[in-house]
Number of protein chains: 2
Amino acid sequence: MLKISLLSIGDELLIGQTINTNAAWLGAEISKLGAKVVLHSTVADNKEIIKSEFDRLFVLSDIILVTGGLGPTHDDITKVTLCDYFNDELHLDEITFENIKSLLFKRGRELKEVHRMQALVPKNSKVLSNSVGTAPGMLFLSNGKYLVSMPGVPYEMNAIFNDHLKQLIIDEIANKNHNVVSYLTIQTGGVPESTLEEMIGDVNTFLDNKSSLAYLPSYRGVKIRLGVQESNFEKCQIKLNGYLEFIKSKINESIISIGDENNLETLIQYLKDKKLTVAVAESCTGGLLGAAFTELPGSSEVFIGGELTYSNRAKVERLCVLESTLEKFGAVSQETALQMSENVRKLHNVSVGISITGIAGPDGGTPEKPVGTVWIGISIEGENIAKMYKFGNNRAINRELSVSYAINELFFRLKLN
Amino acid sequence: MLKISLLSIGDELLIGQTINTNAAWLGAEISKLGAKVVLHSTVADNKEIIKSEFDRLFVLSDIILVTGGLGPTHDDITKVTLCDYFNDELHLDEITFENIKSLLFKRGRELKEVHRMQALVPKNSKVLSNSVGTAPGMLFLSNGKYLVSMPGVPYEMNAIFNDHLKQLIIDEIANKNHNVVSYLTIQTGGVPESTLEEMIGDVNTFLDNKSSLAYLPSYRGVKIRLGVQESNFEKCQIKLNGYLEFIKSKINESIISIGDENNLETLIQYLKDKKLTVAVAESCTGGLLGAAFTELPGSSEVFIGGELTYSNRAKVERLCVLESTLEKFGAVSQETALQMSENVRKLHNVSVGISITGIAGPDGGTPEKPVGTVWIGISIEGENIAKMYKFGNNRAINRELSVSYAINELFFRLKLN
């Protein structure tokens, strides 16, 4: 298999000022191509440390993908470090310089010395054009292995990867007859990982020695990830399907979804096909459910709108929840959730109304309704159901969980899973 | 200074199935304590690789914080690897076992062999109790340096860090007279990093050799991060303030905020103090602005609610936007944004109405109104203003930017910045 390592450069990653989404994005893209990310390392903008990482990663992998440190200011030192490491020197790349000039012109900005410096690249590197920014990528070949340096700005890195590196990885796998690696994820719900392992049994009895199975617990339930390694994707698929059938025979009842994890896409396509429309009524989530429905393009046929009723006043005035209900049962109650989902369905004149009302925390809990208590209501013409969930103490997680369970609940109600 | 390295274990991080928020969280917490994260590495669940990382990180740092691989299933191998590395063997820790039993009892689950295994720890390690889960942390001392192993589940890791490691780090810094490291971040807007550097000038002319200044560009504008190193936090603060005054004298006009980056907190406190209330009317953001206002606890005095009007129908029926306006000017227009913000203010009977209507993309753009065109309206009694923004092609970024500019715009209107 083709081994790839990732090296992220930048203090902002080490001190937690920036979450490293680049590494996750690259990891996912590389896995789709059948290569294997064997290691990821993050270091500060420090020449000596970066060079020693190059040494180490060249031993451990076939391709090193470096991100960050290519900006025009004094603190960005990747380019000089590359020259130093590969015993190279900078020269002006005319095509890059033209790109920079035309980009600045489009943005109405003046050309300065610092922009010319962005067009300087090590002589022996191959320039990988950047279609959305000024800093190009640079490819180095060293003893049959590759090192690629890219800017750390996510959309610029994504563009360079898509325009140049995808094909490089595909070609390397083909030319050097690497096995491809492929994964399948099964989302389960309601059963702890140790019980799942008991039900499925010892992996050594059904997995071959190039395959793996991992249990990934999270607050949404345990994911089971299968990994296989074969000479091509077809063979991977056949093997994965075999494992899946076996696992299904053991834990079918606990499986929520298989494969692509973005079940929102499936949901929206289904609603589109059935010409069903949706509106939401949100209290503690404050808009997160609406944001989830509109995350993907093309949801406008399905998602009509909704009511954010964070306050009781808004629940009464904008959603027509009865004041007597709020007084008697409280805002976080089955009765309120039911009225919210039914009323938002009627007020927005849609097929499905979904409501969320809960105590996200950290304050507002009572012994009877502790922090983490959330009611989710779904109203589909003629049928109104609300269910209670008890999550934990973390506000952000409670809000995310509420959205994720509301979507899961709609799946169940539409018999989609 | 006290050097800390982070080691994350788990294939799910390498293949991008999970974004490594643990590393960012730890990085931020450690920085607050004045220690320095010098390196972060992510590796697969592979005994040999993990052991060679231990070797390497012991050379580079004083404390190694390891997360992941402590679950009860076969794929979690951190504990046996630790025994192997430290030439130790597992024994049952009675206190941990009692904790696990009481946790299972509370959750109504049966005690199984696998749970007893969770209470097995290396004999020579110090157990760090886990107040929110079954897997304890383990502390090893080796030649005056520490290695700590913690579960990868974020809230369990957070609890163990807060309960045990914060104090360890504080004590180490004090006992060994380490310098503390401290940072200050300045958020700027509207000026590219190269221009900022030109305005501020050569860092060597005003920074001492233990201080650093970095430019961090993002789509929200460039952040300037100052870092200093002194014998205590007071001295750090004095030095940072000096640098800040200097930078202010150079780029004052471009500074949006200083220090704590969550300016939402400042905003909500201000609105609370002034007894101002807010409602939002969202189209392309589908709830993200409401979600931002309710992200922090305690926003309920300020944030009343809002209207999600993703469809034109909802804009007319629920927000009373005139059909003639939508026909003549379109949903993404100054006129529509103005009506949305004014009407949501009146309908929710609040002091401030904020509206967002735009073309998030990737479809729906026209030559006149390309993808990325967003109108943001703010209505404060007696004054309605809407401004147009032109963002890029990325749907997710356009939505986030819309929220962030809407909040910035409110800052400007309230003269808070």
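Residues numbered from 1 in each chain as written. Chains lettered and ligands numbered in written order. Predicted model: local features only at pLDDT ≥ 70, side-chain atom pairs only at ≥ 80, totals over all residues.

### What to know about the overall build of chain A
- When you go through chain A residue by residue, the secondary structure sums to 15 helices and 17 strands.
- Counting only C-alpha atoms, chain A reaches 80 × 60 × 40 Å along its principal axes.
- A total of 417 residues make up chain A; the buried ones form 48% of that total.
- Expressed as a percentage of contacts within chain A between residues at least 6 apart in sequence, the contacts between residues at least 24 apart total 65%. (Helix = DSSP H or I, 4+ residues; strand = E, 2+ residues; numbered from the N terminus. Buried ≥ 20, exposed ≤ 12 C-beta atoms within 10 Å, placed from the backbone. Contact = placed C-beta atoms within 7 Å.)

### A short note on the sheet that holds strand 8 (residues 145-150) of chain A
- Overall, mixed pairing links the 12 strands, which are arranged 6(A)-7(A)-8(A)-3(A)-1(A)-2(A)-2(B)-1(B)-3(B)-8(B)-7(B)-6(B) in an open sheet. Of all the strands in the sheet, just strand 6 (126-128) of chain A together with strand 6 (126-128) of chain B have a single pairing partner and so form its edges. Averaged over all pairs of adjacent strands, the angle between their axes in this sheet comes to 20 degrees, without regard to strand direction.
- By the bridge criterion, five bridges tie strand 7 (residues 137-142) of chain B to strand 8 (residues 145-150) of chain B in an arrangement that is antiparallel. When the sheet's bridge partners are listed, methionine 138 of chain B is paired in strand 8 of chain B with serine 149 of chain B.
- Along the sheet face, helix 7 (residues 154-175) of chain A touches strand 3 (63-67), strand 6, strand 7 (137-142) and strand 8 of chain A and points at about 145 degrees away from the line of strand 8 of chain A.
- Of the strands in this sheet, strand 1 (3-9), strand 2 (36-43), strand 3 (63-67), strand 7 and strand 8 of chain B touch helix 3 (residues 47-60) of chain B, which is tilted by about 170 degrees from strand 2 of chain B. (Pairing = 2+ DSSP bridges. Axes fitted to C-alpha atoms, helices over the stretch in contact; angles between N-to-C directions.)

### Points about the nonpolar core
- In terms of nonpolar packing, the biggest core is built from 111 residues, with Ile4, Leu65 and Val66 of chain A together with Ile4, Leu65 and Val66 of chain B touching the most fellow members.
- Look past the residues within four positions of leucine 65 of chain B in its chain and what remains in contact with it is Ile4, Leu6, Leu26 and Val148 of chain B.
- Judged by nonpolar contacts, the second largest core, of 88 residues, contains Val302, Leu347 and Val350 of chain A together with Met340 of chain B. (Core = buried A, V, L, I, M, F, W, Y, C linked by C-beta atoms within 7 Å.)

### Let's talk about the interface of chain B and chain A
- Contact with chain B, which involves 72 residues of that partner, is made by 74 residues of chain A.
- Contributing elements (two or more residues each) for the side of chain B that touches chain A: helix 1 (11-14), helix 2 (21-32), strand 2, helix 8 (193-200), strand 10 (212-218), helix 11 (288-293), strand 14 (303-309) and helix 12 (312-319) of chain B.
- The leading source of residues in the side of chain B that touches chain A is helix 2 of chain B, at eight residues.
- Looking at side-chain class alone, the side of chain B that touches chain A contains 36 nonpolar, 24 polar and 12 charged residues. (Nonpolar A, V, L, I, M, F, W, Y, C, P; charged D, E, K, R; others polar.)

### Here we look at the packing of helix 3 of chain B against helix 4 (residues 78-86) of chain B
Residue and element names in this part refer to chain B.
- At their nearest, the axes of helix 3 and helix 4 sit 10 Å apart, and the two run at 55 degrees to each other. As the angle between them shows, helix 3 and helix 4 are arranged oblique. When you trace helix 3 past helix 4, the crossing you get is right-handed. Of the residues in helix 4, those touching helix 3 at Lys47, Ile50, Lys51 and Phe54 are Thr81, Asp84 and Tyr85. (Parallel < 35°, antiparallel > 145°, perpendicular 65-115°, else oblique. Left-handed = near helix turned anticlockwise from the far one by under 90°.)

### Some details on the domain arrangement of chain A
Residue and element names in this part refer to chain A.
- For chain A, the assigned domains are domain 1 (3-175), domain 2 (180-258) and domain 3 (263-413).
- Taking only C-alpha atoms into account, the centre of domain 1 sits 35 Å from that of domain 2.
- The interface of domain 1 with domain 2 comprises five residues on the first partner and five residues on the second.
- In terms of residue class, the side of domain 1 that touches domain 2 is built from two nonpolar, two polar and one charged. (Domains from an automatic or database assignment.)

### Details of the relation of the copies chain B and chain A
- Mapping chain B onto chain A leaves a residual RMSD of 0.2 Å; the transformation is a rotation of 180 degrees accompanied by 0.0 Å of translation along its axis. Here the two chains are linked by the operation of a two-fold rotation axis. (Least-squares fit on C-alpha atoms with pLDDT ≥ 70 in both.)

### Overview of the sheet that holds strand 11 (residues 221-230) of chain B
All names here are of chain B.
- One open sheet accounts for four strands, arranged 10-11-9-12; its pairing is antiparallel. Edge positions in the sheet fall to strand 10 and strand 12 (255-258), since each has one partner strand and no second. On average, adjacent strands in this sheet sit at an angle of 25 degrees to one another, irrespective of strand direction.
- Two strands pair when backbone bridges link them, and strand 9 (residues 180-188) and strand 12 are joined in this way by three bridges, in the antiparallel orientation. Residue isoleucine 186 lies in a different strand from strand 12, and its bridge partner there is isoleucine 258.

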